[in-house]
Amino acid sequence: VADPSKRPHSRKSPYTADRGMPGAYEGETVTRRALFTGGVVAAGGIATAAFTLPALGFALGPIFERTEARNWQDVGSVNDFNPLTYTSAVATIDPDVGEAGKTTVYIRKRDPNRDTAKELARFPYVAISTRCMHVGCPVRYAQASERFICPCHGGVYGFDGRVVGGPPVRPLDRFETKVENGRVFIGHRFSVNSKLEKFSPRDPSNHLDGLWQYLYPARPTT
Ligand code: FES
């Protein structure tokens, strides 16, 4: 076998010896340095993916969740509700789990003297979710004090569902409403920030004011 260092160099040859690379071995097509460099880069890539892929999945997953419109639900006649107090109605939020998929919703007619927020102008009735925005216990409306009270950790919400005390981080969620043929219907649940501006539905304990609104993914199915 001819000494590889004596052979004329050819840049096109697949062999490191023919290309005149330092430390070349006969029959070798890649140098050990290139092999180890490639191995380290690949191992780094795998380690990085192990951290970033789950985070990406968490951030982007909700985009691919079911978001089609749920059927509007008839919750009663327009005469069943008034602007002075909330009337409870039962709504189905998950039809696949029977009774466990039902929830209480507090509904009242819009009151032009109290409801000044923009979103209220879009919906003729106010339908407030009973899921506490601390960690999700069911709240109860007390007409005497015009407050929604959470029994779990003392969360208190005012007449419009905004937090007035305790640990909840944002106002109670709401449902879209519409009136047809004298009947009141509720549609999608949505979340609101402290100015009652409408957002896609979020989980309890997710803040929605300022930059916080970008830090939590929307959760259309919850
Ligand atoms: S779950 Fe309502 S205050 Fe904690």
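A. Fine view of the overall build of the protein. When helices and strands are tallied, the protein shows three helices and eleven strands. Looking at the protein residue by residue over its 222 residues, the buried ones come to 33%. Relative to all contacts within the protein whose residues are 6 or more apart in sequence, the contacts with residues 24 or more apart total 43%. Of the roughly 13,200 Å² that the protein leaves accessible, carbon and sulfur atoms contribute 58%.

B. Representation of helix 1 (residues 32-60). With 29 residues, helix 1 extends 40 Å from end C-alpha to end C-alpha; this agrees with the ideal 42 Å at 1.5 Å per step. When the local axis directions of helix 1 are compared, the greatest deviation, roughly 30°, occurs at Ala 49.

C. Structural detail: the nonpolar core. One finds Tyr 86, Ile 128, Val 139, Tyr 141, Phe 148, Tyr 157 and Leu 172 to be the most contacted residues of the largest nonpolar core, which totals 14 residues. Counting eleven residues, the second largest nonpolar core, distinct from the first, contains Ile 107, Tyr 125, Ala 127 and Val 184.

D. Looking closely at the side chain of Arg 174. Turning to its location among the elements, Arg 174 is positioned in strand 9 (residues 174-180). Of the residues examined, Arg 174 reaches a relative accessible area of 2% and is grouped as buried. From its side chain, Arg 174 meets the backbone oxygen of Asp 160 in a polar contact 2.5 Å long.

E. A look at the state of the cysteines. Within this structure, the stated rule accounts for one disulfide. The disulfide partner of Cys 137 is Cys 152, and the gap between their sulfur atoms is 1.9 Å. The sign of the S-S torsion, about -90°, decides the handedness of the disulfide formed by Cys 137 and Cys 152: left-handed. Pair noted here: Cys 137 is in the loop between strand 4 (125-129) and strand 5 (140-142) and Cys 152 is in the loop between strand 6 (147-149) and strand 7 (156-157), with a separation of 15 residues, a long-range link.

F. Seen up close, the pattern of salt bridges. Evaluated as defined, the whole model comprises eight salt bridges. Close ionic contact of Asp 173 with Arg 131 constitutes a salt bridge, the shortest N to O distance being 3.9 Å. One end of the pair, Asp 173, is in the loop between strand 8 (163-165) and strand 9; the other, Arg 131, is in the loop between strand 4 and strand 5, with 42 residues separating them in the sequence. You can call Asp 173 buried: its relative accessible area is 0%. Assessed through its relative accessible area of 22%, Arg 131 is described here as partly exposed. A salt bridge links Asp 160 to Arg 162; the shortest N-O distance between them is 2.9 Å. Among the residues examined, Arg 162 registers a relative accessible area of 30% and is labelled partly exposed. Bridged by salt links that share partners, the residues Arg 131, Arg 170, Asp 173 and Arg 189 form one connected network.

Cut-offs used in this document
Residues numbered from 1 in each chain as written. Predicted model: local features only at pLDDT ≥ 70, side-chain atom pairs only at ≥ 80, totals over all residues. Heavy atoms only, no water. Helix = DSSP H or I, 4+ residues; strand = E, 2+ residues; numbered from the N terminus. Buried < 20%, exposed > 50% of the residue type's maximum accessible area, 1.4 Å probe, protein only. Contact = heavy atoms within 4.5 Å. Areas by Shrake-Rupley, 256 points an atom, 1.4 Å probe, with all protein chains shown as cover. Expected span 1.5 Å × (residues − 1). Bend = angle between axes of the 7 residues up to and from the residue. Core = buried A, V, L, I, M, F, W, Y, C linked by side-chain atoms within 4.5 Å. Polar contact = N/O pair within 3.5 Å; in protein donor to acceptor, adjacent residues only side chain to side chain. Disulfide = S-S within 2.5 Å. Salt bridge = Lys/Arg side-chain N within 4 Å of Asp/Glu carboxyl O.

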